[in-house]
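What the coordinates show
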Amino acid sequence: MASNTGQVRNNPFSRNQSPSPVPSSSNVRPKSMVLNSPLAGSQSPTNVHSRHQSYSALAGVVSPPNQNGGKQFLSNSRGGGSTSNTFAPSFIKTDDVRHAPEPVQGIEGENDFSGKRYVWLKDPQAAFVKGWIVEELGDNHILVQCDDGSQREVNADSVDKVNPAKFDKADDMAELTHLNEASVVHNLHMRYQADLIYTYSGLFLVAINPYCPLPIYTNEYINMYRGQGREETKPHIYAMADEAFRNLVDEGENQSILVTGESGAGKTENTKKVIQYLAAVAHSESPVKSKSLQHSNLSQQILRANPILEAFGNAQTVRNNNSSRFGKFIRIEFTRTGSIAGAFIDWYLLEKSRVVRLNAHERNYHIFYQLLKGADRKMKQDFLIEGQDVEDFAYTRDGHDTITGVSDRDEWNSLIEAFEVMGFLEKEQVSILRTVAAVLHLGNITVMKESRGADQARLAPDARAHAERVCKLLGMPVEPFLQGLLHPRVKAGREWVEKVQTPEQVRLALDALAKGIYERSFGDLVTRINRQLDRAGMGMDDSHFIGVLDIAGFEIFEENSFEQLCINYTNEKLQQFFNHHMFVLEQEEYAREQIEWKFIDFGHDLQPTIDLIELPNPIGIFSCLDEDSVMPKATDKSFTEKLHSLWDRKTPKYRPSRLGQGFMLTHYAAEVEYSTEGWLEKNKDPLNDNVTRLLATSTDKHVASLFIDCADVEDESGATRSRVKKGLFRTVAQRHKEQLSSLMAQLHSTHPHFVRCIIPNHKKTTQTTQRPACARPATLQWCA
Ligand SMILES: Nc1ncnc2c1ncn2[C@@H]1O[C@H](COP(=O)(O)OP(=O)(O)OP(=O)(O)O)[C@@H](O)[C@H]1O
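In the nomenclature of an unreviewed UniProt entry, the protein corresponds to Myosin type-2 heavy chain from the organism Lachnellula subtilissima. Recorded in UniProt under Subunit (unreviewed entry), the annotation for the protein is "Binds to cdc4 and rlc1."

Turning to the pattern of salt bridges, a few remarks are in order. Tallied over the full model, the rule gives 39 salt bridges. We note a salt bridge from Arg-117 to Glu-136, for which the minimum N-O separation is 2.7 Å. Taken as a pair, Arg-117 in the loop between strand 3 (71-72) and strand 4 (118-123) and Glu-136 in strand 5 (residues 127-138) lie far apart in primary sequence, 19 residues in all. The shortest N-O distance in the salt bridge between Glu-681 and Lys-684 comes to 3.6 Å. Within this pair, Glu-681 and its partner Lys-684 are both found in helix 19 (residues 679-684), separated by 3 residues, close to a single helical turn.

This part takes up the pairing of strand 27 (residues 751-758). The element strand 27 is largely enclosed, with a buried count of 7 among its 8 residues. In this structure, strand 11 (residues 255-260) lies alongside strand 27, joined through 6 bridges in parallel fashion. The partner of Ser-256 across the bridge, within strand 27, is Pro-752.

What follows covers the pairing of strand 11. Within strand 11, 6 of the 6 residues are buried, leaving the element largely enclosed by the surrounding structure. In strand 11, alternate side chains face the same way, and those of Gln-255, Ile-257 and Val-259 on one face and Ser-256, Leu-258 and Thr-260 on the other are all buried. Here strand 11 runs beside strand 20 (residues 544-550); their pairing, made up of 5 bridges, is parallel. Along strand 20, the bridge assignment pairs Ser-256 with Gly-547.

Before going further, it helps to spend a moment on the site of the ligand. Neighbouring residues of the ligand: 19 residues in total, closest Ser-263, Lys-267, Thr-268, Ser-323 and Ser-324. Contact distances for the ligand include 2.5 Å between an oxygen atom and a side-chain N or O atom of Ser-323. A distance of 2.7 Å separates an oxygen atom of the ligand from a polar backbone atom of Ser-324. In isolation the ligand exposes 630 Å². Once the protein is present, 96% of that is buried. Considering each element in turn, the shell around the ligand owes the most residues, 3 residues, to helix 5 (residues 267-283).

Time to look at the sheet that holds strand 6 (residues 141-146). Across the sheet, which stays open at both edges, the 5 strands sit in the order 7-6-5-4-8 with antiparallel pairing between neighbours. A single partner strand is all that each edge strand has here, and the edge strands are strand 7 (151-155) and strand 8 (160-161). Sheet topology places strand 5 next to strand 6; 6 bridges connect them, and they run antiparallel. The residue bridging Gly-131 from the neighbouring strand is Cys-146, located in strand 6.

All right, on to the sheet that holds strand 9 (residues 198-201) then. To summarise the sheet geometry, strands pair through backbone hydrogen bonds and adopt either a parallel or an antiparallel arrangement. Taken in spatial order, the 7 strands of this open sheet run 9-10-27-11-20-14-15, and their pairing is mixed. A single partner strand is all that each edge strand has here, and the edge strands are strand 9 and strand 15 (340-348). Averaged over all pairs of adjacent strands, the angle between their axes in this sheet comes to 20 degrees, without regard to strand direction. When strand 14 (residues 327-334) meets strand 20, the two strands line up antiparallel, connected through 7 bridges. The residue bridging Phe-329 from the neighbouring strand is Leu-549, located in strand 20. Its contacts with the sheet place helix 4 (residues 237-251) against strand 9, strand 10 (204-208), strand 11, strand 14, strand 20 and strand 27, and it is angled at close to 170 degrees to strand 27.

Right, let's get into the nonpolar core. Core analysis: the largest hydrophobic core is formed by 180 residues, its most contacted members being Ile-308, Phe-312, Ile-367, Phe-368, Phe-481 and Ile-621. Per-element tally for this core: the top contributor is helix 14 (residues 503-533), with 12 residues. Beyond its immediate stretch of four places on either side in the chain, Ile-308 contacts Leu-415, Ala-418, Phe-419, Met-422, Phe-424, Leu-525 and Ile-529. Counting 10 residues, the second largest nonpolar core, distinct from the first, contains Ile-133, Ile-142, Val-154 and Ala-156.

Turning our eyes to something else, we now look at helix 13 (residues 478-486). Residues Val-478, Phe-481, Leu-482, Gly-484, Leu-485 and Leu-486 constitute the buried set of helix 13. Summarising the contacts, the buried residues of helix 13 are in contact with helix 11 (426-443), strand 16 (447-451), strand 17 (454-459), helix 12 (463-474), helix 14 and helix 20 (689-696).

So, about the side chain of Gln-501. Of note, Gln-501 is situated in the loop between strand 19 (495-498) and helix 14. Aside from chain neighbours lying at most four places away, what touches Gln-501 is Asp-455, Gln-456, Ala-457, Leu-485, Leu-486, Pro-488 and Val-506.

Turning to unusual backbone geometry, a few remarks are in order. A cis amide bond links Asn-617 to the next residue, Pro-618, at an omega of -5 degrees. Positionally, Pro-618 belongs in the loop between helix 16 (602-614) and helix 17 (621-629). Even without a glycine there, the phi angle at Asp-139 is positive, about 55 degrees. Looking at the element boundaries, Asp-139 is found in the loop between strand 5 and strand 6. Although it is not a glycine, Tyr-211 adopts a positive phi angle of roughly 55 degrees. With respect to the helices and strands, the residue Tyr-211 is situated in the loop between strand 10 and helix 3 (219-225). With relative accessibility at 4%, the residue Tyr-211 sits in the buried group.

On to helix 11. The terminal C-alpha atoms of helix 11 lie 26 Å apart, and with 18 residues this matches the ideal 26 Å at 1.5 Å per residue to within 8%. Of all 18 residues in helix 11, 14 are buried; the element is thus mostly enclosed.

About the criteria used
Residues numbered from 1 in each chain as written. Predicted model: local features only at pLDDT ≥ 70, side-chain atom pairs only at ≥ 80, totals over all residues. Heavy atoms only, no water. UniProt positions renumbered as here; feature names shortened; annotations may be inferred. Salt bridge = Lys/Arg side-chain N within 4 Å of Asp/Glu carboxyl O. Helix = DSSP H or I, 4+ residues; strand = E, 2+ residues; numbered from the N terminus. Buried < 20%, exposed > 50% of the residue type's maximum accessible area, 1.4 Å probe, protein only. Pairing = 2+ DSSP bridges. Near = heavy atom within 4 Å. Polar contact = N/O pair within 3.5 Å; in protein donor to acceptor, adjacent residues only side chain to side chain. Areas by Shrake-Rupley, 256 points an atom, 1.4 Å probe, with all protein chains shown as cover. Axes fitted to C-alpha atoms, helices over the stretch in contact; angles between N-to-C directions. Contact = heavy atoms within 4.5 Å. Core = buried A, V, L, I, M, F, W, Y, C linked by side-chain atoms within 4.5 Å. Expected span 1.5 Å × (residues − 1).

And the structure:
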């Protein structure tokens, strides 16, 4: 996908650039740095409930900890912490060795040659302003001359120290003498303005989206990072990929790279760079020539899986012209000698509601537009879309029809080329694309009331023609399809009865069908890609993998629903994983250095919220939802009341909504208010089984295979029964919990590396000359 802007900037690493000064202590990077924002968990919800605000899985981790004499101690983000269930080495004392934040009076002298003492002041507009202390006024107050010309009288405890100028553009924020939020933002901003988009922050890498192509991903760069330790190079995503690769080859340990950040921050771009790097360095490792050729093809295929995934799984949103609307974990499998042996993609939480409903200024999945713009005449005829365009279809007409700077026709050509590189036969391609056309036609079937007085639905005048197209493309007969849609038969005891359907119910059923077909097609597509990439048979005993996780960050919208709970639950688990990993490393380091410290496992801090969501006993939110999803009389309201009765006042993490039907949940990043409207339906995700039974017997093998689980089966007595009822039915919550648990198990088997992507502004554009106008504590976003 094209970048959002066409500008190319200079090479930030070239010799005539002012390089990032190397602070005297930078030869040896500290092994680790724990960064937990004391603010991350304590933000007032009023601050954070803004539309489309989203927090990364690692929200809070860029903000600094308390300091003590340059030594960083683990600090608990909520000011307390359990010391139970620890596995601390015996020599560690549990005395409280943490210290209060350094008071500014403790400034150890001047921090520039003029003898001035510089401090950062919080500022509602600019987030932070720099100034120097003119006078100490007593009563713990100081008078500060700010860089913006103003003089301000502030409490000395509210300011932070400024680092000496020699630390400007430090490669690693762990090197800063004064590690505070303002200094971190300042350092990132200075680097960003010099096109230094990557910065270490202890063990993790911060990446700021440049919103324009930088010449830092060439083969020359790959060679520069190949086999080099971090100390020998500048911060870069390649350095992280190389470290993972070297660990894998040298130590035979599985590796993972977790790329997180809010929408548009650059997760997918960085994920692609990791894969590009691994494909380049791993393939040349191959010792045998013929094998090398085969692996080169495989590397190519791994790279070319992306245009396919992006065509079907990405869309334009207000945040990002090429936003991935699903999460993915790409596992690249290696032989012991470090050659690529295969790859496997797991996907999570495809935003299927987008198929049928668009926000203004957004688009549906790219594939719809690519098909309408790019397909040749013959294909359009076969798919019954000849002469039709974006505005002719209900599912595409409400959004944008184009993205500036992107040609859907060119993207279509890349897609077809990618299909070919991936070894998809033409027949397969046609089957896959035919279902996309069928989804478009489904959106055009309109229904109306039978008569003014009756609620029963009937087809609108031109709807039959659309229904015929759908049925032709999906290989099913029209009459039973319409019958199943307008008069579905349901079993009441031993009898089959016809149900009356209102136009709204039929519309919902049609949309559910469109979403179901699209999601199943997407899943099938990934399965086919995996089949192509599975060269050696995954799970070989002696193979190892590097897994790259690209998943949506923490989300808080004006209205948060079930989808946000699933994403935030995922992020809560990832944050716990990060905290725990950092904690283990710190513990090892302290044990090595025989440092006395208080044991706090931050992972445990998040456990109460995780339990509240996932525990079956006492019954957590997901289990309660599952229980009510099969109760005939349960409603969203009764489910919410049940939740309140189970959890209100039982845990500080849960409380009923102040307004409306829902609840508030305290996550690590913020307290989020969830509205429970529609949760039972969302969790059951029902499809009209009259129609899915037809699809399961479609004359089109591809369509039939997508719905094979909906086929009737015969029991011993010869009677037909739905296969679904036999126990294959899985709620969305159940499926997500299982998938996440499998992902976490895989991550726990790896040596993890963390990349935190940051968005510089919300305009989808390259850097402005303005200073960061605001830095939200948990995300360090810059709102230009
Ligand atoms: N390293 C980079 N170099 C150049 N452009 C970049 C880079 N990273 C991101 N971009 C630009 O920003 C856009 C958004 O990035 P990307 O799609 O990776 O974000 P994301 O975090 O994956 O977002 P989402 O969660 O919405 O999928 C890209 O399409 C590209 O134009």
